[in-house]
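Below are the chains, spelled out letter by letter.
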Amino acid sequence: MAQETWTAVDAFISELLAPHDEALAAALRSSEEAGLPSIQVSPPQGRLLHLLAKVVGARSILEFGTLGGYSTIWMARALPEGGDLITIEADPNYADVAGRNVARAGLEGLVDLRVGPALDLLPDLETEGAGPFDLVFIDADKVHSPEYFAWSLPRTRPGGLIVSDNVVRDGRLADADSEDPAIRAQRRLHEMLAAEPRAEATTIQTVGGKGYDGFNVARVLA
Ligand code: SAH
Ligand code: DHB
Ligand code: MG
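As the structure is a computational prediction, the values presented were derived from the model and not from experiment.

Engineer: Let's hear about the site of ligand 1: which residues, and what values?
Structural biologist: Inspection of the region around ligand 1 gives 21 residues, with Gly65, Ser71, Glu89, Ala118 and Asp139 positioned closest. Between an oxygen atom of ligand 1 and a main-chain N or O atom of Val41, the distance comes to 2.9 Å. Classifying every residue of the shell around ligand 1 gives 12 nonpolar, five polar and four charged.

Engineer: Can you explain the site of ligand 2? Please cite residues and give values.
Structural biologist: Around ligand 2 sit Ile39, Asp139, Lys142, Asp165, Asn166, Arg169 and Lys210, and that is every residue in its neighbourhood. Relative to its unbound accessible surface of 290 Å², ligand 2 loses 71% to contact with the protein. The class makeup of the residues in the shell around ligand 2 is one nonpolar, one polar and five charged.

Engineer: Break down helix 2 (residues 22-33) for me, with residues and values.
Structural biologist: Compared with the 16 Å implied by 1.5 Å per residue over 12 residues, the 16 Å span of helix 2 between its first and last C-alpha is a close match. Within helix 2 the residues assigned to the buried category are Ala23, Leu24, Ala26, Ala27, Ser30 and Ser31. Looking down the long axis of helix 2, one finds its buried residues gathered within 160 degrees of arc, a one-sided arrangement. Opposite its buried face, helix 2 presents the exposed residues Glu22, Glu32 and Glu33, each directed more than 90 degrees away. Where the residues of helix 2 are buried, they touch helix 4 (70-76) and helix 5 (92-104). A positive phi of about 80 degrees marks Gly35, the residue just after helix 2.

Engineer: Outline the coordination of the magnesium ion (ligand 3), supporting the account with residue identities and numerical values.
Structural biologist: At this site the magnesium ion (ligand 3) is bound by Asp139 (OD), Asp165 (OD) and Asn166 (OD1), with donor distances of 2.0 to 2.2 Å. Counting along the primary sequence, the residues that act as donors to the magnesium ion (ligand 3) give the motif D-x25-D-N. Summarising the burial analysis for this pair, Asp165 and Asn166 share the class buried.

Engineer: Before we move on, can you summarise the sheet that holds strand 5 (residues 156-164) with the specific residues and values?
Structural biologist: Read from one edge of the open sheet, seven strands run 3-2-1-4-5-7-6, paired in mixed fashion. Two strands in the sheet have a free side with no partner beyond their single neighbour: strand 3 (111-115) and strand 6 (199-208). Averaged over all pairs of adjacent strands, the angle between their axes in this sheet comes to 15 degrees, without regard to strand direction. One ladder, built from four bridges, connects strand 1 (residues 60-64) with strand 4 (residues 133-138); its direction is parallel. When the sheet's bridge partners are listed, Glu63 is paired in strand 4 with Phe137. Contacting strand 6 and strand 7 (211-220), helix 1 (residues 3-17) runs over the sheet at an angle of about 105 degrees to strand 6.

About the thresholds
Residues numbered from 1 in each chain as written. Chains lettered and ligands numbered in written order. Predicted model: local features only at pLDDT ≥ 70, side-chain atom pairs only at ≥ 80, totals over all residues. Heavy atoms only, no water. Near = heavy atom within 4 Å. Polar contact = N/O pair within 3.5 Å; in protein donor to acceptor, adjacent residues only side chain to side chain. Nonpolar A, V, L, I, M, F, W, Y, C, P; charged D, E, K, R; others polar. Areas by Shrake-Rupley, 256 points an atom, 1.4 Å probe, with all protein chains shown as cover. Helix = DSSP H or I, 4+ residues; strand = E, 2+ residues; numbered from the N terminus. Expected span 1.5 Å × (residues − 1). Buried < 20%, exposed > 50% of the residue type's maximum accessible area, 1.4 Å probe, protein only. Arc of directions from axis to C-beta. Contact = heavy atoms within 4.5 Å. Donors = N, O, S within 2.8 Å, 3.2 Å for Na, K, Ca; no water. Pairing = 2+ DSSP bridges. Axes fitted to C-alpha atoms, helices over the stretch in contact; angles between N-to-C directions.

Structure (structure tokens):
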């Protein structure tokens with residue numbers, strides 16, 4: 001029992017609890033047509049991000065890694081009028097697709113899409129005085145997740161959440177001898193969290209349509 005079952009269960013959950021409307025379906029369709037990799041969060045994961053944004057009453061969200069804007073749409077839909085979501089995407093072609101998907105969802109007034117490698121753009125956000133954020137979703141190049149977390153931590157309000165995707169990677173998180181830079185980065189993120197007095201965190205392993213992986217949730221303390 002493995003992938004086939006996980007996919008079937010994800011389909012059942014998605015159909016009942018995370019159904020697609022026209023804008024979400026169109027976002028996936030246009031992403032596929034444009035040749036983007038199909039690595040967006042699953043529908044139940046998108047729904048979880050949406051619920052977490054509501055739980056923290058998010059008015060201000062930061063996302064690392066937009067792809068075609070699928071997770072962006074799920075999160076932006078939790079924002080109240082006047083809220084904002086800054087999302088950063090390194091690939092200009094992906095960002096074009098995302099911009100159209102976000103606009104089609106009627107969310108362009110809430111979403112501020114920045115194009116470039118996140119580490120290059122963070123100084124601009126700093127200069128602009130962006131934040132404090134209520135929710136941060138780290139889902140870009142996995143080698144830099146610890147740097148994105150370190151930057152976001154002092155810019156997330158107490159009680160806010162920093163969620164990091166893809167931290168388990170088929171269980172390779174447990175491999176202390178891994179030489180894969182992405183795995184080493186996820187291990188380093190966990191070591192940082194263990195020593196971090198400004199946040200409390202846990203990681204949940206997941207299976208589903210996208211295989212075996214997991215996400216970390218960190219809650220920022222006062
Ligand atoms: N959050 C999206 C999926 C993101 S996939 C969703 O769930 O719908 C990861 C994305 O990060 C890819 O689009 C990739 O181009 C982007 N990326 C890779 N390196 C990056 C970097 N240095 N800065 C910003 N984005 C980056
Ligand atoms: C993959 C999955 C992701 O959720 C992501 O953000 C990047 C890559 C993958 O399965 O390769
Ligand atoms: Mg991801």
